[in-house]
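# Overview (structure and organization)
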Amino acid sequence: MLAARTRVAGAYREALSGIETSTCSARRGRQRSRWFVYTVALPHGVDRDETIRGLRERGVQSKPYLPAIHLMSYYRETFGHRPGEFPVCEDVAARSLALPFHPELSEGEVARVADALTAVLGRA
């Protein structure tokens, strides 16, 4: 299963190479990603929610990924965290998007997602 997920992640990496996004996955040394999700950080100034709507209109499901945890109600109420305390975290959270991902995703399906994202970002 790891090989299949790695294959899909590679297909995404190639299909998205021509558009301005960054992958939200890090590798260090001999560590390998387990690829349970494929996320991208949208370019600065791009509205993530509008991007999700645009993808949905093109038949592609996506979701916001990993909120700024310090802004979740528990942390706000328990520890008093407020917006602006961790600006880098808040920026990345606001731009992170999870794309469709599963081990059987075909290269054609990945290409369709990439084409939809390219169109939504206005680079079609």
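Located above this text is the structure these notes cover.
Nothing here was measured: the structure is a model prediction, and the numbers come from that model.

Taken as a whole and assessed by the stated rule, the structure comprises 5 aromatic pairs. When the ring of Tyr75 is compared with that of Phe79, the centres are 6.0 Å apart and the planes differ by 20 degrees; the resulting orientation is stacked. With Tyr75 and Phe79 both in helix H3 (residues 73–79), this residue pair falls 4 residues apart, about one helical turn. Linked through ring pairs, Tyr12, Tyr38 and Phe101 together constitute an aromatic cluster.

Quick look at the pairing of strand S2 (residues 38–41) now. Residues Tyr38 and Val40 point to one face of S2 and Thr39 and Ala41 to the other, with burial holding for every one of them. In this sheet, strand S4 (residues 96–99) lies alongside S2 in antiparallel orientation, the contact comprising 4 bridges. Bridge assignment links Val40 to a residue of S4, and that residue is Leu97.

It is worth spelling out the nonpolar core at this point. Ranked by internal contacts, the top residues of the largest apolar core, which has 23 residues, are Tyr12, Leu16, Tyr38, Leu97, Leu99 and Leu117. Those elements that place two or more of their residues in this core are helix H1 (2–15), S2, helix H2 (48–57), S4 and helix H5 (107–120).

Taken residue by residue, helix H4 (residues 87–95) has Glu90, Ala93 and Arg95 as its buried positions. Close packing links the buried residues of H4 with S2, H2 and S4.

In this fold, Val37 is placed in the loop between strand S1 (22–23) and S2. Contacts of Val37, omitting those with residues within four sequence positions, involve Tyr65, Ala98 and Phe101.

The subject of this paragraph is the packing of H2 against H5. Viewed as axis vectors pointing N to C, H2 and H5 meet at an angle of 130 degrees, and their least axial separation amounts to 9 Å. On the basis of their axis angle, the class for H2 and H5 is oblique. Handedness of the H2/H5 crossing: right-handed. Across the interface between the two elements, Thr51, Gly54 and Leu55 of H2 pack against Ala116, Leu117 and Val120 of H5. A per-class count over the contact of H2 with H5 returns 4 nonpolar, 2 polar and no charged.

Definitions and limits used
- Residues numbered from 1 in each chain as written.
- Predicted model: local features only at pLDDT ≥ 70, side-chain atom pairs only at ≥ 80, totals over all residues.
- Heavy atoms only, no water.
- Phe/Tyr/Trp six-rings, centres within 6.5 Å; stacked < 30°, edge-to-face > 60°.
- Helix = DSSP H or I, 4+ residues; strand = E, 2+ residues; numbered from the N terminus.
- Buried < 20%, exposed > 50% of the residue type's maximum accessible area, 1.4 Å probe, protein only.
- Pairing = 2+ DSSP bridges.
- Core = buried A, V, L, I, M, F, W, Y, C linked by side-chain atoms within 4.5 Å.
- Contact = heavy atoms within 4.5 Å.
- Axes fitted to C-alpha atoms, helices over the stretch in contact; angles between N-to-C directions.
- Parallel < 35°, antiparallel > 145°, perpendicular 65-115°, else oblique.
- Left-handed = near helix turned anticlockwise from the far one by under 90°.
- Nonpolar A, V, L, I, M, F, W, Y, C, P; charged D, E, K, R; others polar.

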